[in-house]
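Residue-level structure breakdown
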Amino acid sequence: MLRRIFIFCYLYVIILALFIGLKPFIGIAQTGEAQIGATQPDASPTSAYREEVKTSDQKPVQDDQTTRIPPYEIKGTSQQLSKKNIQSIAEWKQQVQTFSDQYGNTVYINGQTGEKMVALTFDDGPDGQVTPAILDILKSYGGHASFFFTGQNVKTFPAIVRRAYQEGNLVLNHSYSHPNFDNKKPEFIKDEINKTGQLIETLTGKIPALVRPPYGIVNENIIKIAKDQNFKLIIWSTDTFDWSHKDADHIANNVLQNIRPGEIVLMHSNGDKTQTQKALPKIIEGLHAKGYKIVTLDYLLHVKAYKN
Ligand SMILES: [Zn+2]
C-alpha cells in the first residue's frame, strides 16, 4: 500500500515538473501563431519591394473588436468643389464614420495598425488605357494595388481584368452599373453585387469578398446584405480627389501630406484619369521615401480578399 502511494506521489511530481517546464514553450508557440503577418522587419529597399508581394495567400487574422482604434478622419482636399459638394461630403464623412465605428468588422475606413503600410485602391475601371498604364507602373515598382472594378467595365475589358489579377493585384467588386445604393431595394443591391462577383469569377476564378459601394455610400440595407453574404465594405481614409481636382501634383500631395499607418487611399483608373496615372510614380516614390510599404487590402485589414 505504502509503495503504491509512493509511486503515485512520484508520478504526480514528475507530471507537475513537466507541465511547469513546458509552459513557457507552450506560451511562445501560441503567441507566435497569433503574430503571423502582424510584424514585418524594416529592411533594405530591395526586400522592401519584396514585402509588397503580399496578396491573398496571407493567412487572414480576424479583427479583435476590443482592440480597435476609432476610424480615422477622412482626409484629402480639392479646390474644385462647390459649397454644396463640400457640405454633402462633410455629412457623408460623419455618416460613414458612425457606421464604421458601429460595425467595425463590416465597414472599413482604414487598417488597424501602427506599422507604416498603405493600400492604394483604384475604382471605376477597367478601361483600355489608364488601367493598363497603372498596371505597368505598379509592375515596374514591384508594387500591388486593389482594384474595384464595375461589372459593366469587366464585361467590356476582360483581358485587363485577367492581367490585373495575374500580376498579383486584387480584383474586387464596385457594383455592376455604379448606382447610388441609397433608397434602393435590397434585391437590387444584391443583384448589382452578385452579377459583378460572377463576372469576375468567370475571369479570375475568384469571387471578391471586398466590395466598395459606389460613392462610398453605406446604409443599413447594404450592411445587412454584407453581413448575410459575408463580404466587407471598404471605404477609404484618404480621397485623392482625382475625380474632382485633376492635377498630378495635387493628387500626389493629397496622399503624401496625409499619410498615416493603415491608410486606404482612393484613386480611380477609368478613361479620363490620366493625371492619376501621372501622379502614381510620385506617390510610390514618395511613400517609399517616408518608409511606407504598399500592401493589398487583405493584408492591411487581415481579411479575405475572396470568398473562394
Ligand atoms: Zn466609383
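Since this is a predicted model, take the numbers as computed values, not measurements. (Residues numbered from 1 in each chain as written. Predicted model: local features only at pLDDT ≥ 70, side-chain atom pairs only at ≥ 80, totals over all residues.)

This part is about the overall build of the protein chain. For the protein chain, the count of helices and strands is 11 helices and nine strands. Across the 308 residues in the protein chain, those meeting the buried criterion constitute 39%. Counting only contacts in the protein chain whose residues sit at least 6 apart along the sequence, the fraction spanning at least 24 positions is 80%. (Helix = DSSP H or I, 4+ residues; strand = E, 2+ residues; numbered from the N terminus. Buried ≥ 20, exposed ≤ 12 C-beta atoms within 10 Å, placed from the backbone. Contact = placed C-beta atoms within 7 Å.)

So, about the pairing of strand S8 (residues 263–268). Most of S8 sits inside the fold, with six of its six residues counted as buried. Burial along S8 is two-sided: Glu263, Val265 and Met267 facing one way and Ile264, Leu266 and His268 facing the other are all buried. Bridge count between strand S2 (residues 117–123) and S8: six bridges; the pairing is parallel. Of the residues in S8, the one forming a bridge with phenylalanine 122 is methionine 267. By the bridge criterion, two bridges tie strand S7 (residues 238–239) to S8 in an arrangement that is parallel. Residue pairing in the sheet places aspartate 239 in a bridge with leucine 266 of S8. (Pairing = 2+ DSSP bridges.)

Right, let's talk about unusual backbone geometry for a bit. Across the chain, the bulk of peptide bonds are trans and the bulk of non-glycine residues have phi less than zero. Following glycine 125, the chain continues to proline 126 via a peptide bond in cis, the omega torsion being -5°. Its identity as a non-glycine residue notwithstanding, asparagine 183 has a phi of 60°, on the positive side. Note on placement: asparagine 183 falls in the loop between strand S4 (170–173) and helix H7 (186–204). Given 7 C-beta atoms within a 10 Å radius, asparagine 183 is considered exposed.

Bringing the packing of H7 against helix H8 (residues 220–229) into the picture now. Running from amino to carboxyl end, H7 crosses H8 at an angle of 55°, the nearest separation of the two axes being 10 Å. Judged by the angle between their axes, H7 and H8 are oblique. When you trace H7 past H8, the crossing you get is right-handed. Residues Pro186, Ile189 and Lys190 of H7 form the contact with H8, whose own contacting residues are Asn221, Ile222 and Ile225. Looking at the contact of H7 with H8 residue by residue, the classes come out as four nonpolar, one polar and one charged. (Axes fitted to C-alpha atoms, helices over the stretch in contact; angles between N-to-C directions. Parallel < 35°, antiparallel > 145°, perpendicular 65-115°, else oblique. Left-handed = near helix turned anticlockwise from the far one by under 90°. Nonpolar A, V, L, I, M, F, W, Y, C, P; charged D, E, K, R; others polar.)

As a further point, take the confidence of the model for the protein chain. Reading predicted coordinates in detail is not appropriate for stretches of low pLDDT. On average, residues of the protein chain score 85 in pLDDT, and 78% of them are at 70 or above. For residues 13–64, every residue scores under 50 in pLDDT, and the model assigns this stretch 43 contacts once sequence neighbours within four places are set aside. (pLDDT = per-residue confidence, 0-100.)

This brings us to the pairing of S2. Within S2, seven of the seven residues are buried, which leaves it mostly tucked inside the rest of the structure. Judged by which residues are buried, S2 turns out to be covered on both faces: Met117, Ala119, Thr121 and Asp123 on one side and Val118, Leu120 and Phe122 on the other are all buried. Summarising the sheet, S2 and strand S3 (residues 146–149) pair through three bridges and their orientation is parallel. Counted as the bridge partner of phenylalanine 122 is phenylalanine 147 from S3. Since S2 and S3 lie parallel, the crossover through helix H4 (residues 130–141) that links them has a hand, and here it is right-handed. (Right-handed = clockwise from strand over helix to strand, strands pointing away.)

Of all hydrophobic cores here, the largest spans 66 residues; its most connected members are Val118, Phe147, Leu233 and Val265. Here valine 265 is in contact with Val118, Ala119, Leu120, Thr121, Trp236, Thr238, Thr240 and Val255, once residues within four sequence places are set aside. (Core = buried A, V, L, I, M, F, W, Y, C linked by C-beta atoms within 7 Å.)

For the rest of this paragraph, the subject is helix H3 (residues 83–102). Here H3 is 20 residues long and its end C-alpha atoms lie 29 Å apart, about the 28 Å a rise of 1.5 Å per residue gives. Among the residues making up H3, those that are buried are Val96, Phe99 and Ser100. Each buried residue of H3 lies within a common arc of 90° when the element is viewed along its axis, so the set occupies one face. What points out from H3, more than 90 degrees from its buried face, is the exposed set Lys83, Ile86, Gln87, Ala90, Glu91, Gln94 and Gln102. Next to the buried residues of H3 lie strand S1 (107–108) and H8. (Expected span 1.5 Å × (residues − 1). Arc of directions from axis to C-beta.)

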